[in-house]
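Structure at a glance
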Amino acid sequence: GNTFRVIMETLLGLGYHVHFKVLDAKHFVPQHRERILIVGFRNNADFKFPLLPEPSRKVKEILEPDPADKYTLTLKLWNYLQEYAEKHKAKGNGFGFGLTDLNGISRTLSARYYKDGAEILIPQKGKNPRRLTPRECARLQGFPDDFVIPVSDNQAYKQFGNSVAVPLIQSVGKQLVKALL
């Protein structure tokens, strides 16, 4: 709240006409990712945030058909995540891992995903769950399949976890262009 207030006061103090709205990427990608978007103009432009389509994407659409075994959680890590979740559940906390509904949307991908992948785990038949591959993380953020990932898995997880959902920003960008014309 205070950070938002400071940002708004600063932009208004600089003479910007400011529009803001909380938008969820789930309207474009199979991920619940709410972010506040702030748009400012020097002149009072006729800007309207886009109308968002009904969410329709599913996690299973972004999955690779045969991911490498290295993405499957080790027994040690899987046991740790389950024990950690139980410990916090007993205390009344909501901490824990997230087994993803493949016919639904995922939790928010974070920059800490490289640590254990706990917030978005993909169930597997007859095996421990697995984390997303970097390519799947790119897809979850709306990057096209020809987007080159020239970094290590850990760096890719950090970068995609810090990224915006591309199609959501594109839709806001189109509205920005309309307001400027």
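Before reading on, note that the structure itself is shown above.
This write-up is about the structure you can find in this document. Residue numbers here run from 1 along each chain, matching the order of that chain's written sequence. With pLDDT at 70 or above as the cut-off, local features in this predicted model cover only qualifying residues; side-chain atom pairs require 80 or more to be listed or tallied, and sums for whole chains, interfaces and linings still use all residues. Computation of side-chain values covers all heavy atoms of the structure but excludes hydrogens and water.

Description of the overall build of the protein chain
Inclusion rule: By the criteria applied, helices consist of DSSP H or I runs no shorter than four residues and strands consist of E runs no shorter than two, each listed in order from the N terminus. The buried label goes to any residue with under 20% of its type's maximum accessible area, the exposed label to any with over 50%, and the partly exposed label to all in between, with areas taken from a 1.4 Å probe on protein chains only. In this analysis, two residues are considered to be in contact whenever any of their non-hydrogen atoms come within 4.5 Å of each other. All accessibility values rest on the Shrake-Rupley procedure with a 1.4 Å probe; residue burial counts only the protein chains present in the view. We count Lys and Arg on the positive side and Asp and Glu on the negative side, and we leave His and both chain ends out. The location of each charge is read from NZ of Lys, CZ of Arg, CG of Asp or CD of Glu.
When helices and strands are tallied, the protein chain shows six helices and four strands. Helices and strands appear in the protein chain in the N-to-C order α-β-β-α-α-β-β-α-α-α. When each of the 181 residues of the protein chain is scored for burial, the buried share is 38%. Taking all contacts inside the protein chain whose residues are at least 6 apart in sequence as the whole, residues at least 24 apart take part in 61%. With an accessible surface of roughly 10,900 Å², the protein chain has 55% of that area assigned to carbon and sulfur atoms. Here the protein chain carries 27 positive and 18 negative side-chain charges, and the mean point of each set is 3 Å from the other.

Quick look at helix H2 (residues 75–90)
Stated formally: Take the number of residues in a helix, subtract one, and multiply by 1.5 Å to get its expected span.
If you check H2, its first and last C-alpha atoms are 22 Å apart, about what 16 residues at 1.5 Å a residue would give, namely 22 Å. Against helix H3 (113–116), strand E3 (121–124) and strand E4 (127–131) lie the buried residues of H2. Positive phi appears at Gly92, one or two residues downstream of H2, with a value of about 85 degrees.

What about the packing of aromatic side chains?
Rule in force here: Within 6.5 Å between ring centres, the rings of Phe, Tyr and Trp (the latter by its six-membered ring) count as paired, and their orientation is classed by plane angle as stacked under 30 degrees, edge-to-face over 60, tilted in between.
On inspection of all chains with the given rule, the structure shows nine aromatic pairs. Taking the centre distance of 4.9 Å and the plane angle of 70 degrees together, the rings of Phe4 and Phe20 count as edge-to-face. Of the two residues, Phe4 sits in helix H1 (residues 2–13) while Phe20 sits in strand E1 (residues 17–24), which places them 16 residues apart along the sequence. Judged by centre distance (5.2 Å) and plane angle (70 degrees), the rings of Tyr113 and Tyr157 are edge-to-face. With Tyr113 in helix H3 and Tyr157 in helix H5 (residues 153–161), the pair connects residues that are 44 residues apart, well separated along the chain.

Focus: the nonpolar core
Note the threshold: By nonpolar core is meant a set of buried Ala, Val, Leu, Ile, Met, Phe, Trp, Tyr and Cys residues that side-chain atoms within 4.5 Å join together.
Leu109, Tyr113, Leu132, Cys137 and Phe160 are the most contacted members of the largest nonpolar core, which has 16 residues in total. Once residues within four sequence positions are removed from consideration, Leu109 is found in contact with Gln31, Arg33, Glu119, Ile120, Cys137, Leu140, Gln141, Phe160 and Gly161. In terms of nonpolar packing, the next biggest core, distinct from the first, is built from 14 residues, Phe28, Val29, Leu37 and Ala179 among them.

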